[in-house]
Amino acid sequence: MPMRTWLLVLCLFGPIPFGSTMAAQQTGVLSGRVTDVENGNPLAGAQIVVQGGSQPYGGISTSDGSFRIPLPPGRYSVVVEFLGYRAERIPTVLIRAGETTTADVQLTSTALLLDGLVVSASRGVAEKQVDAPASTHIVGSVEIQERAVTTPVEHLRDAPGVDIITHGVQATNVVIRGFNNIFSGALHALTDYRLAGVPSLRVNLLHLVPANNEDIDRMEVVLGPGAALYGPNTANGVLHILTRSPLESQGTTLSLAGGERSVLQGGFRTAFLVNRRLGVKLSGQYIQGREWEYLDLGEDAARKAALANPQACVSSLVNLRNFDQATAQLACQRVGLRDFDFSRYGLEARADYRFARDGLAVLTYGRTSASSIELTGLGAAQAGDWTYQFLQGRLRKGRFFAQAYVNSSDAGNTFLLRDGVPLVDQSKLVVAQAQHGFGLWGGRQDFTYGVDFFGTRPETKGTINGSYEDKDNVDEWGVYLQSKTGLTPKLDVVLAGRLDSHSALPEDVFSPRAALIFKPLEGQSFRASYNRAFSTPSTLNLFLDISAGAAPNTQLAALGYTLRAFGTGKTGYSFQNPDKSLKGMRSPFNPQGADKLLPVNVSVAWPLAVGAAAAVAARQGTPLPPSIVQLLNSLQPTPAQVGLNVYDPVTLKTTPVAQAEVRPVPPIRESYTETFELGWQGVLGNQLRVMADVYRAKITDFTSPLTLTTPLILLNGQQVAAFIQTPIVTALTQQYIAAGLPPSQAQTRALADAQTLVPQLATALGSVPVGVVSSPEVAAKGA
């Protein structure tokens, strides 16, 4: 759904000069040389513009690329432009009287920009796109600055291999070469080398990234598996958002945008140098608007039911789902209560310190708070002041790179709209990483190696991880090594391997990569590669234990059945004993509580079925006679007289309990993606970049979205009819004799009436699910 916008941008280039003394009688000199960044050749005729003085200054580079410009003492910024090259700006140049200040400039040709440098394909190692062992796409700074967007995702609309689901003005789900779905965490999304997803939920809510449009320098997309270097959950690709350093880009930028859906958006970025080694940046953004209106039928039905009988709604949450009275009342008041207005603000502060010529230390803090509608696998959630924060420190010295960061999430006043129950997420992700590399034999051989640690610390107060709350921490360790060998000037071979250990998985995981890169001409390459990547189960896959609201079937919902979403834990769970008998069932009709596990036999199921059938009949306005209910309750059928059936609501298949096979749920393990790929990329005529890839990916042990697992238990209706025939005829005969009929007439009338009554009762008793198959391994709350 397109949205028209208008944009106003105000740029204040460079710090405003301060303390400058303009002495006309004394001058300094700005000198330098303009060259091509790729080959070092001088660029004659480049235009040099000096900004910041009381009048314009400038010059033209000579045949050897040099220039010399007399200037009054003071602080200036310098812009160098040359046809066919990207303009470069020196933000601060200090001119002193009687002195010469040197400022050499290297310009990048537009042809080289088409074959730009990427740092994500080989994890932090800068290389040309044509030399990368994977297919890459760059969204450059020019594209980013020219677009007014609500989130950085909008810059990826035209990126190859990227699939985007849009489910709101700002809300999206993004994947690369993979299956997309609501609440997806398949994409390995990074911002400045830091994981950008919400910690324990492992979902990419990219509108929570604090960096704004004014601060983003470029976005790199790596298509295909990257597990050999990045580790788990990179089976399909990597998205890396890189922001501008205050050491390289100073000044203040303000932006204001607005458009349809009452959208109003503002952003700013200001950066300055404290001294020549230390730069500081502060950026922020704010957006508000109104989502597209949508009526969720499930939410609407739940809200109408809660308004019609609020006490029943509260009692259901208290008795069947173990909520306290206050929480249950609040949930019933806000079920289905959508707020289509949304707002979000983000702030990011960063300090860069260059402690050596090849050494840089960076400290960054970011925070985003949002109120909006977020879609989940359990329906929509109303997010209120959901706050996402991070603190990151990173250091680079030559080829050595290390970082540590903490991502944290606080869901604030967030609740599921289908039942109004709160969602608490106060989770953290703690990460420490180190990487180094070195070259041999004049650069023909290069090694990159490193180690990673990821510690996921969920904290949901039982609202998301339920019974797993105190045993849901996950630790992951990984080590990796990549070798790049130049067999000839035109042929490179890349080999990489990574070993990962996951605290919830029984075995370590190995991820290999192999690639051949052939460069027949400058700016062109052919690539053949093999990758084996893996994705680990998230804490949601393993430890989810959350109410999913009432059953979607209205009849089941009216009986008190609810849905509950479970992870598999570390061991999974089963529903049958070694002799194939069912381990148990849970029932909303159990007077001891719906969470109590009951044996699966007719002696337990019969009174539950009688009570449920009587309740359904009363709700439909045709109550059963008390005498009939009393008679049915007095009966005690044996398994030989009345059997039980298992009913699968997905396949609609009914099977006798003795013959049923309820498959166990094994623990979720890692999912593997094995990919073979052929690719070509090149720059044609210094004006057109072309990329073509053919790949085959095979996924093993794919982790699907939530699926319905447990079937229902019913009485065998035909056997019920045969079992109650005689007692019903006897009871009716006695009733008619008591009313004054002769025994023979009473029996005849009883037989006639039983022909109608018995099938009705048998249908009622045999069609009401008396329980749902369960197990003591499933710590359920409710049926």
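The structure this text deals with has already been given above.
For clarity, every value in this text was computed on a predicted model and none was experimentally measured. (Residues numbered from 1 in each chain as written. Predicted model: local features only at pLDDT ≥ 70, side-chain atom pairs only at ≥ 80, totals over all residues. Heavy atoms only, no water.)

(A) Region of interest: the overall build of the protein chain. Along its length, the protein chain carries 12 helices and 43 strands. Viewed in the frame of its principal axes, the protein chain has a C-alpha envelope of about 135 × 55 × 45 Å. Looking at the 783 residues of the protein chain, the share that counts as buried comes to 51%. Taking contacts inside the protein chain between residues at least 6 apart in sequence as the whole, the part at least 24 apart equals 64%. Here the protein chain holds 64 positive side-chain charges and 63 negative ones, and the gap between their average locations is 2 Å. (Helix = DSSP H or I, 4+ residues; strand = E, 2+ residues; numbered from the N terminus. Buried < 20%, exposed > 50% of the residue type's maximum accessible area, 1.4 Å probe, protein only. Contact = heavy atoms within 4.5 Å. Lys, Arg positive; Asp, Glu negative; His and termini not counted. Charge placed at Lys NZ, Arg CZ, Asp CG, Glu CD.)

(B) Broad picture of a nonpolar patch on the surface. Residues Phe438, Leu440, Trp441, Tyr449 and Leu481 make up a contiguous nonpolar surface patch of roughly 500 Å² in combined accessible area. Looking at where Phe438 falls in the secondary structure, it is placed in strand β29 (residues 428-440). The exposure class assigned to Phe438 is partly exposed, which follows from its relative accessible area of 32%. (Patch = residues over 30% accessible without salt bridge, like charges linked within 9 Å, V, L, I, M, F, W, Y side chains within 5 Å. Areas by Shrake-Rupley, 256 points an atom, 1.4 Å probe, with all protein chains shown as cover. Salt bridge = Lys/Arg side-chain N within 4 Å of Asp/Glu carboxyl O.)

(C) Quick look at the nonpolar core. In this structure, Trp606, Leu632, Ile713, Leu715, Ile724, Ile728 and Leu765 are the most contacted members of the largest nonpolar core, which totals 45 residues. Of all the secondary-structure elements, those providing two or more residues to this core are α9 (602-619), α10 (626-634), β38 (644-648), β42 (712-715), α11 (717-738) and α12 (743-767). If we skip the residues at most four places from it in the chain, Leu765 touches Trp606, Ala609, Val610, Ala613, Leu632, Leu715 and Val720. Listed in part, the 29 residues of the second largest apolar core include Ala328, Leu378, Ala411 and Leu544. (Core = buried A, V, L, I, M, F, W, Y, C linked by side-chain atoms within 4.5 Å.)

(D) Here's a closer look at the packing of α10 against α11. Interhelical geometry of α10 versus α11 gives an angle of 140° and a closest axis separation of 11 Å. Classified by the interaxial angle, the pair formed by α10 and α11 is oblique. Handedness of the crossing formed by α10 with α11: right-handed. In contact with Ile628, Leu631 and Leu632 of α10, α11 contributes Ile724, Pro727, Ile728 and Ala731. (Axes fitted to C-alpha atoms, helices over the stretch in contact; angles between N-to-C directions. Parallel < 35°, antiparallel > 145°, perpendicular 65-115°, else oblique. Left-handed = near helix turned anticlockwise from the far one by under 90°.)

(E) Spotlight on the state of the cysteines. Taken as a whole, this structure holds 1 disulfide when the rule is applied. With a sulfur-sulfur separation of 2.0 Å, Cys313 is cross-linked through a disulfide to Cys332. Its torsion about the S-S bond being -95°, the disulfide of Cys313 and Cys332 is classed as left-handed. With Cys313 in helix α5 (residues 310-319) and Cys332 in helix α6 (residues 325-334), this pair connects stretches of sequence that are 19 residues apart. Per residue, the accessibility class of Cys313 equals that of Cys332, and both read buried. (Disulfide = S-S within 2.5 Å.)

(F) The side chain of Ser200, seen in detail. The residue Ser200 is located in the loop between β17 (194-195) and β18 (216-223) in this model. A polar side-chain atom of Ser200 sits 2.9 Å from a polar atom in the side chain of Ser427. If we skip the residues at most four places from it in the chain, Ser200 touches Asp425, Ser427, Thr456, Pro458, Thr539 and Leu540. (Polar contact = N/O pair within 3.5 Å; in protein donor to acceptor, adjacent residues only side chain to side chain.)

(G) Up close: the packing of α5 against α6. With their axes 9 Å apart at the nearest point, α5 and α6 run at an angle of 135° to one another. As the angle between them shows, α5 and α6 are arranged oblique. At the point where α5 passes α6, the crossing takes the right-handed sense. Only Gln325, Ala328, Gln329, Ala331 and Cys332 of α6 make contact with α5, whose side of the interface consists of Cys313, Val314, Leu317 and Val318.

(H) View of the pattern of salt bridges. All told, the structure shown has 27 salt bridges when counted by the stated rule. Where Arg498 meets Asp452, a salt bridge forms, and the shortest distance between an N and an O atom there is 2.9 Å. Within this pair, whereas Arg498 is found in strand β32 (residues 491-502), its partner Asp452 is found in strand β30 (residues 445-457), the two being separated by 46 residues in sequence. Overall, Arg498 belongs to the buried group, its relative accessible area being 1%. Note that Glu677 and Arg527 form a salt bridge whose closest N and O atoms lie 3.1 Å from each other. One end of the pair, Glu677, is in strand β40 (residues 671-684); the other, Arg527, is in strand β34 (residues 524-535), and 150 residues separate them in sequence. Each member of the pair, Glu677 as well as Arg527, is classed as buried. Look at the salt bridges and you will find they share partners, linking Arg177, Arg527, Glu677 and Asp693 into a network.

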